[in-house]
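Breakdown of the fold
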Amino acid sequence: MRFLLTWLLFTVVRSADPPCSLRGLLNPPQISKDGDVMIGGIFSFHNSWEQTVHAFTSGPQQSNCKSLSLREFQNAQTMVFAIEEINNRTDILPGVKLGYKIYDSCGSVEMAIRASLSLVNGHGENTTLKSCSNPETVQAIIAETSSTPSIAISATMGPLHIPVISHFATCACLSNKKKHPSFFRTVPSDYYQSRALAKLVRHFGWTWVGAICSDNDYGNNGMNTFISAAKEEGVCIEFSEAFFRTDPREKIQKIVETIKTATSNVIVAFISYSDMEVLLKEIALQNITGFQWIGSESWISDLNIATPEWQPILKGSMGFAIPKAKINGLGEFLTKLNPASDVELYKQLWETIFECKLPTRGTVDIKEMCNGNEKLSEVQNQYTDVSELQIANNVYKAVYAVAYALHNSYGCSKGDNGQESAIVCTSIAENHHPWHVISELKKLHFTTTTGEDVFFDENGDPAARYDLLNWQRDKDGKTVFVKVGFYDASLQTYLQLSFNNISIAWAHNKPQVPLSVCSESCFPGTRKAVQKGRPICCYDCIPCAEGEISNTTDSVTCIKCPPELWSNDKKDKCVLKTVEFLSFEELMGIILVLFSLLGVTFTIAIAVIFFKHKDTPIVRANNSELSFLLLFSLTLCFLCSLTFIGQPSQWSCMLRHTAFGITFVLCISCVLGKTVVVLMAFRATLPGSNVMKWFGPLQQRLSVLAFTLVQVIICVLWLTISPPFPYKNMKYYKEKIILECHVGSVIGFWAVLGYIGLLALLCFILAFLARKLPDNFNEAKFITFSMLIFCAVWITFIPAYVSSPGKFTVAVEIFAILASSFGLLFCIFVPKCYIILLKPEKNTKKQMMGK
């Protein structure tokens, strides 16, 4: 029985909701309004806070925020305006009033996390009366303007499946759905902006740039992506520095010194607007100007940066920004702010703008009292300016995205009474959870009143579209943001970056694009050679090698010309190679032709002399028939040298080698016949010898015919099996083509030469044996000498032929033909002509018989 009572008491205690008590300070929202569904907002109304040192001897104190940001105030008021506009509409969430709780993070990650937890659990008022199991959870959170606090908020809300929609957190790391499953944003990821900046830099030929970024998630992730994209585009980073506005001044001075000593003229600044002001102050102190600044969207369109103070430093700056937008009614809504309300921020804003003190506040640093006639509609500042609205429009879209997601989640649709029936929400009373909103946000697609499509991809990112802005001066000398181009990541690669016809202002006040390269461009005809130990953008220009060209600027390699082409003098174009062959027009060809014709002339003259004195003893004693045949063959030898001159063709190649082989064999056969006749003549004087009957005129003719016929057969086989043909020799000279006759069959070529050599050797041996025969005019001596010259010429021809280049090979061959022909002509016939013409007294039978 006691056990049963104990169990019942325990069950009752467990079933009761335990009271909640707040451990710490109350954290009420700065701006709030009740509603059926609550939406949270976290904005950095202040840029910084007074840091206090905790001694841990008392409870923590509320941090005191300072430096009111008019831009963030405008963003927060845009959220309020959008919620009020939605509440007044009947087509979105009919019968449902949206409420809001907006917190100030003061630019602090800690305070941003605290605000997000307060939006989930309530801010601590009357918590003892509420159940811990039923906290005041918002359906979605609009936060934040920078990436680092947004990362912290998303990491806190992710496990709770509460959607976080940022209007200006651009860090590419937030696209990781494993780490940030409930994060969405209406501003493009820095992944696209960084790649767009790399394309922009490469477009203007800036391959040598400096890089500076904020030392936070926004700057570091954006710069890392930019550096990777820049390397893909062939852009080198001379220096990369990171800093935060709270860093010691020495560190910022060191960065400025790096900028001052840099050789690059372009600086890519992936910096938040609050950090940019700190850097510009130090740059201005050192009076550093003339750099072309390329900025990220955080500061490139910020009016606080585009002031006359920074104009000398940042003139001509360029960068990508969120496209301008127009929100109807927002300007009027912003100026209706009432400082008499209970919202402390409204009073602080009023005092900041008009620099006066409200009667209900004890502001110490402002002495002048507000007179009550101040009107926000009469002032122009960052809060009231609605000409740009890039960031405010993202807040506006974020609120509408949450409203449409809630609309779909609550099953809001038209009734069953027809098309004109009112829209009703059927499941508003049911227990809805924030993760239902996440599911609807993933498939959301709607169009704003300004005609802009809003949707989120699988990473929770919108379409990446940017305006390319250029800082120019108007007639009054003020800085204006001029749209000079556009970037759309959804288009094809070559269409993503486009420019309009508006001229661009540059930092150096000149019409041409500034130059920022580590090394000057390598002109066509040269290639880039990377300097050892330096980035690839630092290089030397090396002329292309012979036979190679580069026909583009900054070519990495030289292209080898095709075999029949060669590089010109500038090495930027492949031209046809010079075709070389021994022609009739050149000096060497003319000289060889003259010698050939001179040999023919001499031979004909000797033949005429012999014919006129054919009945004289010296002509008759030397076998006049063979002599005339020899003269005929020598004439052919002189003439066949002409076939080696001129452009080789299929027929000329076959003719020159066969004519050479046959005519020389005919010539040597005649000499061989004369040698045999001399030998046999003396053999015939021996008693009882009738050897001369075997070497009569008929036998001499047949022997010449037989020897020549063998060479003809060899030539016919050569031409049949593998004849000579024209050949473009590109191996010996790289810069020109040697047009020559290829021998075809090497065996056939050497068989022809070998047969000539064999006959010449045989003739030489026989003549050598007959050199001492006892007569006054022994022809064997002259034949021996002529064959000695013949053999010497052709033996020396072989190495000269092999080693001679190009057309000189042909010239050597012609020289050998002419030299051997002249040798035979002069040695055999000139001594006879000498006696016939100059010593006729010796041209007698008695003189010829001698002993």
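Residues numbered from 1 in each chain as written. Predicted model: local features only at pLDDT ≥ 70, side-chain atom pairs only at ≥ 80, totals over all residues. Heavy atoms only, no water.

1. Re the environment of Phe790
Tracing the backbone through its elements, the reader meets Phe790 in helix H21 (residues 779-803). We classify Phe790 as buried; its relative accessible area is 2%. The spatial distance from the C-alpha of Phe790 to the C-alpha of Ser821 is 7.9 Å, given a sequence separation of 31 residues. Once residues within four sequence positions are removed from consideration, Phe790 is found in contact with Phe664, Ile668, Ile756, Ala760, Ser820 and Leu824. (Helix = DSSP H or I, 4+ residues; strand = E, 2+ residues; numbered from the N terminus. Buried < 20%, exposed > 50% of the residue type's maximum accessible area, 1.4 Å probe, protein only. Contact = heavy atoms within 4.5 Å.)

2. Digging into the side chain of Asn75
The topology assignment puts Asn75 in helix H2 (residues 70-87). Setting aside its immediate chain neighbours within four residues, Asn75 contacts Phe43, Thr145, His167, Ile391, Ala392 and Val395.

3. Observations concerning H2
Over its 18 residues, H2 runs 26 Å from end to end, which matches the ideal 26 Å to within 8%, given 1.5 Å per residue. Burial analysis of H2 places 16 of its 18 residues in the buried class, which makes it a mostly covered element. (Expected span 1.5 Å × (residues − 1).)

4. Focus: helix H7 (residues 249-261)
Given a rise of 1.5 Å per residue, 13 residues ought to cover 18 Å, and the 18 Å separating the end C-alpha atoms of H7 matches this to within 8%. Listed as buried for H7 are Ile252, Ile255, Val256 and Ile259. For H7, the buried positions fall inside an angular range of 100 degrees around the axis, keeping them on one side. Across from the buried face of H7, at angles greater than 90 degrees, the exposed residues are Glu250, Lys254 and Thr261. Buried-residue contacts for H7 involve strand S9 (208-214), strand S10 (236-243), strand S11 (266-270), helix H8 (273-285) and strand S12 (292-295). (Arc of directions from axis to C-beta.)

5. Considerations on the sheet that holds strand S1 (residues 31-33)
Pairing in this open sheet of six strands is mixed, and the strands run S1-S5-S2-S6-S7-S8 from one edge to the other. Every other strand in the sheet has two partners, leaving S1 and strand S8 (183-185) as the edge strands with one partner each. Adjacent strand axes in the sheet meet at a mean angle of 25 degrees when their direction is disregarded. For S1 and strand S5 (residues 98-104), the ladder comprises three bridges, and the chain directions are antiparallel. From the neighbouring strand, Lys33 faces S5, where its bridge partner is Tyr100. (Pairing = 2+ DSSP bridges. Axes fitted to C-alpha atoms, helices over the stretch in contact; angles between N-to-C directions.)

6. Focus: the pattern of salt bridges
One pass over the structure, following the stated rule, counts 17 salt bridges. The shortest N-O distance in the salt bridge between Arg465 and Asp488 comes to 3.5 Å. Of this pair, Arg465 sits in strand S18 (residues 465-473) while Asp488 sits in strand S19 (residues 479-488), placing them 23 residues apart in sequence. The exposure class of Asp488 is buried, given its relative accessible area of 8%. Between Asp467 and Lys483 there is a salt bridge, with its nearest N and O atoms 3.2 Å apart. Taken together, the residues span a long stretch of sequence, with Asp467 in strand S18 and Lys483 in strand S19 at a distance of 16 residues. (Salt bridge = Lys/Arg side-chain N within 4 Å of Asp/Glu carboxyl O.)

7. A closer look at the packing of aromatic side chains
All chains considered together, the criterion is met by 31 aromatic pairs. Where Phe81 meets Tyr396, the ring centres are 6.3 Å apart and the plane angle is 25 degrees; that geometry is what we call stacked. In this pair, Phe81 is assigned in helix H2 and Tyr396 in helix H13 (residues 390-409), connecting sequence segments 315 residues apart. Phe81 gets classed as buried once you look at its relative accessible area, which sits at 9%. A residue is classified by how much of its surface remains accessible, and Tyr396, at 5% relative accessible area, is buried. A connected cluster of aromatic rings, assembled from ring pairs, spans Phe81, Phe333, Tyr396, Tyr400, Tyr404 and Phe446. (Phe/Tyr/Trp six-rings, centres within 6.5 Å; stacked < 30°, edge-to-face > 60°.)

8. Some points on unusual backbone geometry
The peptide bond linking Ala143 to Glu144 adopts the cis configuration, its omega dihedral lying at -10 degrees. A positive phi angle, close to 60 degrees, is found at Ser67, a residue other than glycine. As for its position among the elements, Ser67 is in strand S4 (residues 64-68). Phi is positive for Glu355, which is not a glycine, with a value near 50 degrees.

9. Topic: a nonpolar patch on the surface
Side chains of Leu587, Ile591, Phe595, Leu598, Phe602, Phe826 and Val830 sit close together on the surface and give an oily, nonpolar patch of about 590 Å² of accessible area. Every element with two or more residues in the nonpolar patch is listed here: helix H15 (587-612) and helix H22 (807-838). Looking at which element gives the most residues to the nonpolar patch, the answer is H15, with five residues. With respect to the helices, strands and loops of the structure, Phe602 is situated in helix H15. Take Phe602: its relative accessible area is 32%, and that puts it in the partly exposed class. (Patch = residues over 30% accessible without salt bridge, like charges linked within 9 Å, V, L, I, M, F, W, Y side chains within 5 Å. Areas by Shrake-Rupley, 256 points an atom, 1.4 Å probe, with all protein chains shown as cover.)

10. Some details on the UniProt feature "transmembrane region" (unreviewed entry) in the protein
Annotation from UniProt places "transmembrane region" (unreviewed entry) at residues 587-611, 626-646, 658-682, 702-721, 747-770, 782-802 and 814-838. Structurally, residues 702-721 is divided into 100% helix and 0% strand, and its ends, taken at the C-alpha atoms, are 28 Å apart. (UniProt positions renumbered as here; feature names shortened; annotations may be inferred.)

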